[in-house]
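Here is how the chains run, residue by residue.
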Amino acid sequence: MPARPLYADVDCLSCHSDTTMQDANGKNVGVDANKFHAGVHGVLKCGDCHKDIHDYPHPDHPAKVQCESCHAGEASDLATSVHSNKSEHPCTSCHGNAHEIVTKTDPNSAVYPLNVPKTCGACHGNPEMAKKYHLPNVYALYIDSIHGFALGKEGLLVAANCTSCHGSHKILPHTDPQSRTNRANIASTCAGCHYGINEQYQQGVHGKAVAAGNKSAPVCTDCHTAHGIIEPTSADFRMQSTPICGSCHRDKFSTYRDTFHSQLGLLGGYVETARCWDCHQAHDVRPASDANSPIAPAHLVQTCGRCHAGANASFVQYQPHANARNRKLNPALYYIRLFMNLLLTSVLTFFTLHTVLWLIRSRFKGNGKLPGGKNA
Amino acid sequence: MPDSTAAPVAAPTPEVEAQASPAAPAKERYFQRFTLAQRYLHAVLFTTFLVLAATGLMMRFSGSIWAIRFARLVDGFGTILFFHKFCALVLSLAFVIHVREILARGVFRREKGIFWGPTSMVANWKDVKDLVGHMRWFLGLGPKPKFERYAYWEKFDYWAVFWGMVVIGFSGYAMWFAPFFARFLPGWALNAALVIHSEEGLLAILFIFSIHFVNTHLRPDSFPMDMVIFTGRESEEEYKHRRPDEYARMVAEGRSATRITDAPPKWLINFSRVVGFTAILIGLTLLVLTLSAYIAE
C-alpha cells in the first residue's frame with residue numbers, strides 16, 4: 001500500500017483507539033478518542049504535537065512531544081525551577097495523560113485546585129522520595145492542616161493549595177531570593193489571601209524588622225509553620241506556640257515559665273491561661289513604650305481585664321515576667337524567695353538529721369521491750 | 001460511733017475485752033488519747049492535704065510527664081484546679097472550726113490546759129529540755145526524756161501545719177481572688193503569692209511525706225503505722241512507754257480511770273489500716289514524684 005500523508009486523527013485512531021495498545025517497550029500508546037476530543041487539546045490534530053509522524057508506517061520510536069512549542073512561557077519558567085529535569089518531571093507528571101488534559105477550571109483536571117494536593121502528593125507524599133531529596137514529608141502535614149482541611153474536607157476553592165504558595169511552573173528553592181517561599185517574600189505570599197493580617201504584621205515590630213532586612217525576625221511560617229498550619233485558636237496551637245516565641249525571647253520565656261500563666265498553661269485544657277500573644281498581640285506586636293501597644297501602661301487594665309474581671313490599677317502592677325532570681329530587678333521577690341528557700345532547707349535539714357539519728361538510735365536500743373504498733 | 005471520752009467509761013469486763021480484741025493479751029487496758037472530733041479533724045486534714053498535694057504538684061511541676069499525662073486524662077488543668085480549690089475550701093472550713101473550738105475552750109470557757117500547761121500545744125521550757133535530752137539520747141549521752149501528752153516534735157508538726165495553713169491559705173486565696181486582693185495589696189504581692197504558696201507547699205509536702213511519716217508511723221517504735229490517730233486509743237503499756245510523764249500525771253491526779261476505754265473493735269482496726277496505708281502509700285508516691293521532678297528541673 002502506498003504511503004500517504006497522515007493528518008486526520010481518524011487515521012491514527014483507527015489503530016490507537018484501542019486503549020490497551022502497547023508499543024515494543026510495553027508503553028501504553030492507546031488514546032481514548034472521546035476523552036481526547038473533550039479535552040483542551042481536542043481541537044488539535046495528532047500531527048500538531050507528534051510532528052515527526054507524517055506517514056504510515058511511522059518510525060518505531062517517534063520523537064518526544066515538545067509541549068514548549070506552544071507553551072513557551074511555562075516551559076521557560078519550568079526550566080529555571082526545581083522541576084527543571086525533564087525526564088524526572090515531564091509535563092504529564094502534573095497534567096496527567098497528555099491525550100486527556102482538560103482545562104484547569106474543569107474539576108476533572110489534575111491541576112484543578114481541589115486536585116492539586118493529590119497531584120503534588122503523588123511525589124511529595126512519598127516517603128522514599130522525601131528521603132532522597134531531604135524534603136519533609138509535606139503532603140501528610142498539609143492534608144491535616146487548616147488549609148488541607150478547608151480544601152479537601154470543606155471543598156473551599158479559595159483555600160490555599162500547593163500552588164497558592166509555591167506557584168506552579170516557576171517553583172524555586174526557598175533559598176532563592178526570587179522564591180515565593182523565601183523568608184523575605186513569605187509575608188507577601190501569605191498576604192495573597194491574608195491581606196488584613198499582613199497589614200497588621202507590617203505595623204508590628206516583627207514585620208518592621210523583616211522589612212529592615214533582619215533575617216532572624218519571624219515571618220508567618222516561623223509561628224504558624226508552613227505545611228502543618230493548624231487553627232490558631234485551637235488548643236494544640238496555643239500549646240505549641242509559646243515555646244516558639246520563647247526560642248527567640250529566651251529570657252522572657254524563662255520568667256514566663258515561673259508564673260501561674262505558664263504552669264497551668266502547660267497542662268492545657270478547657271480553661272485558658274494567657275499565652276504570649278494574648279497580651280502582646282499576635283501580628284501587631286508593639287513594645288510597651290508604644291502608646292498603641294496593649295501592654296502600654298495606659299492599656300494594661302483593659303488588657304488584663306479581658307481575662308481578669310475587676311482588674312484595677314494595682315492589679316496590673318503584677319509582673320507577668322517577674323524574675324525572683326534577680327535581686328536587682330525584683331528585690332522584694334528575690335528576698336521572699338530566699339527566705340522561703342532558707343526556711344525549707346533549714347527545717348528539712350534539721351529534721352532529716354533528727355530523724356536519721358533517731359532511727360539509728362532505735363536500732364541500737366538493745367532488747368526493745370515494746371516493738372510498737374500496739375495501738376492497733 | 002459515739003465519742004467515748006465524753007463520759008467516764010468503766011473498765012471493760014474480761015469477756016467484753018476478749019471479744020473486742022482477741023489478739024490483745026488479757027486484761028490489757030486502753031486509754032483514750034484522741035476524741036472522735038480530733039480524729040475526724042485529722043482525717044479531713046490528711047484527705048484534703050493528699051488531694052491538695054497531688055493537684056498542687058501537678059501545677060507546680062506541670063512540665064513533668066506524669067502531670068501532663070494526668071492533665072490529658074482529666075481534660076486539662078480545669079479539673080485539677082477545681083479539686084485543688086474544692087479541697088482548699090474544705091480544709092479552710094476545718095481550720096476555722098478548729099480555731100473556733102480552741103477559742104471557745106480557751107477564751108470563753110477558760111479551760112485550763114489549752115494555752116499553757118502540760119496538755120497544751122503551746123511550746124514550753126520542757127520542750128526545749130526534751131529536744132536537747134532527746135538529741136543527747138540519740139548520741140548515747142543520756143537517758144531518754146519522759147514525754148508529756150504532746151512531745152516537742154508533735155507540737156512542731158501541729159504548728160507547722162497551723163502556720164502552713166495560714167500562709168498557704170492566704171497566698172492561695174490571694175491568687176484565686178486576685179482582682180479583689182489587689183484592692184488592698186500591691187501588684188507585686190501577687191507575684192510573691194505564687195512564690196510563697198509553692199515554696200511553703202513544697203515544704204509541707206516534703207515534711208509530711210518524709211519527716212512526719214517516719215517520726216510518727218514508720219520508725220521502729222511505731223512501724224508500720226501508729227493507729228492511735230485512727231482508733232483514738234492507746235494501750236496502757238504503750239502509754240507508759242511513750243508518754244511516761246502524762247501517764248504518771250494521770251495516775252497522780254487520779255484521772256486515769258476516767259480515760260480508760262475498751263480495746264478498739266476489729267473493724268475499726270482493719271478500716272484504719274486500709275485508710276492509713278492508702279494515705280501513706282499515696283504520700284510516698286507523691287514524695288518520689290516530687291523529688292524526681294525537683295531534681296529533673
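The shown structure was predicted, so the numbers you read here are calculated from the model rather than taken from an experiment. (Residues numbered from 1 in each chain as written. Chains lettered and ligands numbered in written order. Predicted model: local features only at pLDDT ≥ 70, side-chain atom pairs only at ≥ 80, totals over all residues.)

Asker: Could you give an account of the environment of Asp 52 of chain A, with specific residues and numbers?
Answerer: All names here are of chain A. Checked against the element boundaries, Asp 52 lands in the loop between helix 3 (46–49) and helix 4 (72–80). According to the C-beta neighbour criterion, Asp 52 is exposed, with 12 such atoms within 10 Å. A C-alpha to C-alpha distance of 46 Å links Asp 52 and Phe 149, two positions 97 residues apart in sequence. (Helix = DSSP H or I, 4+ residues; strand = E, 2+ residues; numbered from the N terminus. Buried ≥ 20, exposed ≤ 12 C-beta atoms within 10 Å, placed from the backbone.)

Asker: Can you tell me about the packing of helix 4 (residues 77–108) of chain B against helix 6 (residues 152–176) of chain B, naming the residues and giving the values?
Answerer: Residue and element names in this part refer to chain B. Close contact between helix 4 and helix 6 brings their axes to 11 Å; oriented N to C, the two are set at 135°. On the basis of their axis angle, the class for helix 4 and helix 6 is oblique. Where helix 4 crosses over helix 6, the handedness of that crossing is left-handed. Residues Lys 85, Ala 88, Leu 91, Ser 92 and Phe 95 of helix 4 lie in contact with helix 6, whose contacting residues are Met 165, Gly 169, Gly 172 and Trp 176. Broken down by class, the residue content of the contact of helix 4 with helix 6 amounts to 5 nonpolar, 3 polar and 1 charged. (Axes fitted to C-alpha atoms, helices over the stretch in contact; angles between N-to-C directions. Parallel < 35°, antiparallel > 145°, perpendicular 65-115°, else oblique. Left-handed = near helix turned anticlockwise from the far one by under 90°. Contact = placed C-beta atoms within 7 Å. Nonpolar A, V, L, I, M, F, W, Y, C, P; charged D, E, K, R; others polar.)

Asker: Go over the nonpolar core, please, and point to the residues and values.
Answerer: Formed by 54 residues in total, the largest nonpolar core has its most connected members in Leu 267 of chain A together with Met 58, Val 195 and Ile 205 of chain B. Every element with two or more residues in this core is listed here: helix 17 (260–265), helix 19 (300–305) and helix 20 (331–363) of chain A together with helix 2 (36–60), helix 3 (65–73), helix 4, helix 6 and helix 8 (187–218) of chain B. A total of 16 residues in this core trace back to one element, the largest contributor, which is helix 8 of chain B. Leaving out residues up to four positions away in the same chain, Met 58 of chain B has contacts with Leu 267 of chain A together with Ala 67, Phe 70, Ala 71 and Ile 80 of chain B. (Core = buried A, V, L, I, M, F, W, Y, C linked by C-beta atoms within 7 Å.)

Asker: Can you lay out the packing of helix 2 of chain B against helix 8 of chain B for me, pointing to particular residues and giving the numbers?
Answerer: For any two helices packed against each other, one specifies the crossing angle of their axes together with the interaxial distance. All names here are of chain B. Contact pair helix 2 / helix 8: the axes reach a minimum separation of 11 Å and the direction vectors enclose 125°. Here helix 2 is positioned oblique relative to helix 8, judged by the angle of their axes. Handedness of the helix 2/helix 8 crossing: left-handed. In this structure, helix 2 uses Phe 49, Ala 53, Gly 56, Leu 57 and Arg 60 to contact helix 8, whose residues at the interface are Ser 198, Gly 201, Ile 205 and Ile 208. Split by residue class, the contact of helix 2 with helix 8 holds 5 nonpolar, 3 polar and 1 charged.

Asker: Give a detailed account of the environment of Val 96 of chain B, specifying residues and quantitative values.
Answerer: All names here are of chain B. Note on placement: Val 96 falls in helix 4. Residue Val 96 is classed as exposed on the basis of its C-beta count, with 10 C-beta atoms lying within 10 Å. Sequence-wise, Val 96 and Leu 57 are 39 residues apart; in three dimensions their C-alpha atoms are separated by 25 Å.

Asker: Which residues make up the environment of Phe 86 of chain B, and what are the values?
Answerer: Among the secondary structure elements, Phe 86 of chain B is positioned in helix 4. The sequence separation of Phe 86 of chain B and Ala 296 of chain B amounts to 210 residues, and the corresponding C-alpha distance is 30 Å.

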